Amino acid sequence: ADGILTAFHTVFHDTPALQCCFFTPGRLLTVPAFLREPSAAPAESESREVLSGHRCRCTGYQHIVEAVVQASRSLP
């Protein structure tokens, strides 16, 4: 409804951020909720903080962090 979820889903899908499917649902719920916060204009460090609760052995996280930052820049 507010475009945040859609923006993040699109960026997440269009970049190499989509890794395994086991931890992806948690990220897809956590990050849009974070991006709805009025002060959310995350740099890499803030993105890593938000993702810190989602550990995964499948990835190095860099693409996921980049997707969070990119999504925040494409918000309405």
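Note: the structure precedes this text.
All of the points below concern the structure found in this document. (Residues numbered from 1 in each chain as written. Predicted model: local features only at pLDDT ≥ 70, side-chain atom pairs only at ≥ 80, totals over all residues. Heavy atoms only, no water.)

Remarks on the pattern of salt bridges
Quick reminder of the rule: Here a salt bridge means any side-chain nitrogen of Lys or Arg lying within 4 Å of a carboxyl oxygen belonging to Asp or Glu. Secondary structure elements follow DSSP: runs of H or I of four or more residues count as helices, runs of E of two or more count as strands, with numbering from the N terminus.
Per the stated rule, a full pass over the model turns up one salt bridge. Taking the shortest distance from any N to any O, the salt bridge between Arg 48 and Glu 44 comes out at 3.2 Å. In this pair, Arg 48 and Glu 44 are both assigned in helix α3 (residues 44–51), four residues apart and thus about one turn of the helix distant.

Digging into the packing of α3 against helix α4 (residues 62–73)
Under the convention used in this document: Structural elements are reduced to axes, namely lines fitted to C-alpha atoms, with helices fitted over the stretch in contact, and the angle between N-to-C directions of any two is expressed from 0 to 180 degrees. Small angles under 35 degrees read as roughly parallel and large ones over 145 as roughly antiparallel, with 65 to 115 read as roughly perpendicular and the rest as oblique. Crossing handedness is defined as follows: a turn of the near helix away from the far one that is anticlockwise and smaller than a right angle gives a left-handed crossing, while the clockwise case is right-handed. Here a residue-residue contact requires only that any non-hydrogen atoms of the pair lie within 4.5 Å. Any residue that is not Ala, Val, Leu, Ile, Met, Phe, Trp, Tyr, Cys, Pro, Asp, Glu, Lys or Arg is counted as polar, Gly included; the first ten are nonpolar and the last four charged.
At a minimum axis distance of 9 Å, the contact between α3 and α4 shows a crossing angle of 110 degrees. In terms of their interaxial angle, α3 and α4 are classed as roughly perpendicular. Crossing handedness for the pair α3 and α4: right-handed. The segment α3 lies against α4, with Glu 44, Ser 47, Arg 48 and Leu 51 engaging Gln 62, Ile 64, Val 65, Val 68 and Val 69. Of the residues contributing to the contact of α3 with α4, the split by class is five nonpolar, two polar and two charged.

Focus on the nonpolar core
The condition that has to hold: Put simply, buried Ala, Val, Leu, Ile, Met, Phe, Trp, Tyr and Cys residues joined by side-chain atoms within 4.5 Å make one nonpolar core. The buried label goes to any residue with under 20% of its type's maximum accessible area, the exposed label to any with over 50%, and the partly exposed label to all in between, with areas taken from a 1.4 Å probe on protein chains only.
Counting residues in each nonpolar core, the largest one holds 17 residues, and the members touching the most others are Phe 8, Phe 12, Val 31, Leu 51 and Ile 64. For this core, the secondary structure elements donating two or more residues are α1 (4–14), α2 (24–35), α3 and α4.

Examining α3
Condition: Taken from the helix axis, the directions to the C-beta atoms give the arc we talk about.
Those residues of α3 that sit buried are Ser 47, Val 50 and Leu 51. Seen end-on, α3 carries its buried residues on one side only, within an arc spanning 95 degrees. Opposite the buried face of α3, at more than 90 degrees from it, the exposed residues are Ser 45 and Glu 49. Buried residues in α3 make contact with α2 and α4.

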